[in-house]
Amino acid sequence: MIYFTKSARGYSHKKEDTVCQDHSSSYFDENRVIITACDGHGSSIYFRSDRGSKFASFAIINALKDIEKSNYKLLTNSEFLDKIKLQILCEWNESVEKDLSSHPFTQEELQKLSNEQKFTLKTNPETAYGTTLNAVMVTSRYVLCVKLGDGGVFYIKDQQAFPVFEDDSDNVANITCSICQDKAFNHLCVGVLSKKNIDGAIICTDGLLTPYQSLSNFQASFVKPMLKKFKKGDASKEIKKFINKLADKLGVGDDVSLGVILKETRKKRKKIIKNKK
């Protein structure tokens, strides 16, 4: 099995001298592979969203790696999935609280905000860390998918990528659901697929999807060419270079994150391969 993640800073962020607000991570042990791709929000009130996206990635990995192999059969149980959702949110909120305790908001951070935004942060300081999240865990029998907000989670079959979740009805007019919202639990989607007949999974932030304008164009112009390259061998380095170019020149200026898990196609290579950033 091949897996990797990649995040790249968008050219608009470089131009404005702001940090990359995306974060992607991966985790592997003998029972599972996990990939994440989280997109911190860009508006002024979300001035710590780069930390928020990192906390979201770590929260997902911590929650999913805690699932014992003996409990994999419970992944089809809705109550068990709700517990996973709750743990992800609790892990994220705990990280935010620790960060706020160690690093309270500074005057420099607050000076550009409106009075209304400052009031929001007094009552809901976690807003500053707002982010979306996308993740996949592959086990011996199941593919567990997690999504909150925009971006994409896809399973791969027959050299095509299929969306796991329908778009959230609240993701409209460039306003996306966020982990920092009061009703984050309701918008956090967790789905489970049988690993049988699935060839892999792709996750990404909207910085990868938006330049292609439509799912069909994303499929034809990115997914199919990428999968074709992987049929010939491990194309991870080449894909990572393309993600850098997309963020730096070819895209819409936004940060870009991608995560991929694929079955190994070459018979000689049976071990799991991790491609570091």
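What counts and what doesn't
Residues numbered from 1 in each chain as written. Predicted model: local features only at pLDDT ≥ 70, side-chain atom pairs only at ≥ 80, totals over all residues. Heavy atoms only, no water. Helix = DSSP H or I, 4+ residues; strand = E, 2+ residues; numbered from the N terminus. Expected span 1.5 Å × (residues − 1). Buried < 20%, exposed > 50% of the residue type's maximum accessible area, 1.4 Å probe, protein only. Contact = heavy atoms within 4.5 Å. Pairing = 2+ DSSP bridges. Axes fitted to C-alpha atoms, helices over the stretch in contact; angles between N-to-C directions. Salt bridge = Lys/Arg side-chain N within 4 Å of Asp/Glu carboxyl O.

**A word on helix H2 (residues 49–65)**
Next, step 1: Over its 17 residues, H2 extends 24 Å from the first C-alpha to the last, a length consistent with the 24 Å expected when each residue adds 1.5 Å.
Next, step 2: Of all the positions in H2, only Ser49, Gly52, Ser53, Phe55, Ala56, Ser57, Ala59, Ile60, Ile61, Ala63 and Leu64 are classed as buried.
Next, step 3: Taken together, the buried residues of H2 touch strand E2 (22–29), strand E3 (32–39), helix H3 (78–102), strand E4 (133–138) and strand E5 (142–148).

**Focus on the sheet that holds E2**
Next, step 1: Reading across the sheet, the five strands line up as E2-E3-E4-E5-E8 and stay open at both edges, with antiparallel pairing between neighbours. The sheet is open, and its two edges are formed by E2 and strand E8 (189–194), each paired on a single side. Between one strand axis and the next, the sheet turns through 10° on average, direction left out of account.
Next, step 2: The strands touched by H2 are E2, E3, E4 and E5; relative to E3, the strand with the most contacts, the crossing angle is about 155°.

**Concerning the pattern of salt bridges**
Any two side chains of opposite charge can pair if their charged atoms end up close together.
Next, step 1: All told, the structure shown has eight salt bridges when counted by the stated rule.
Next, step 2: One salt bridge in this structure joins Asp17 and Arg9, with 3.9 Å as the shortest N-O distance.
Next, step 3: Judged by relative accessible area, Asp17 falls into the exposed class, the value being 64%.
Next, step 4: Across the pair Lys98 and Glu94 runs a salt bridge, and its minimum N-O distance is 3.4 Å. Taken together, the residues Lys98 and Glu94, both in helix H3 and four residues apart, mark about one turn of the helix.
Next, step 5: Among the ionic contacts, a cluster of salt bridges with common partners joins Arg48, Arg51, Asp99 and Glu109.

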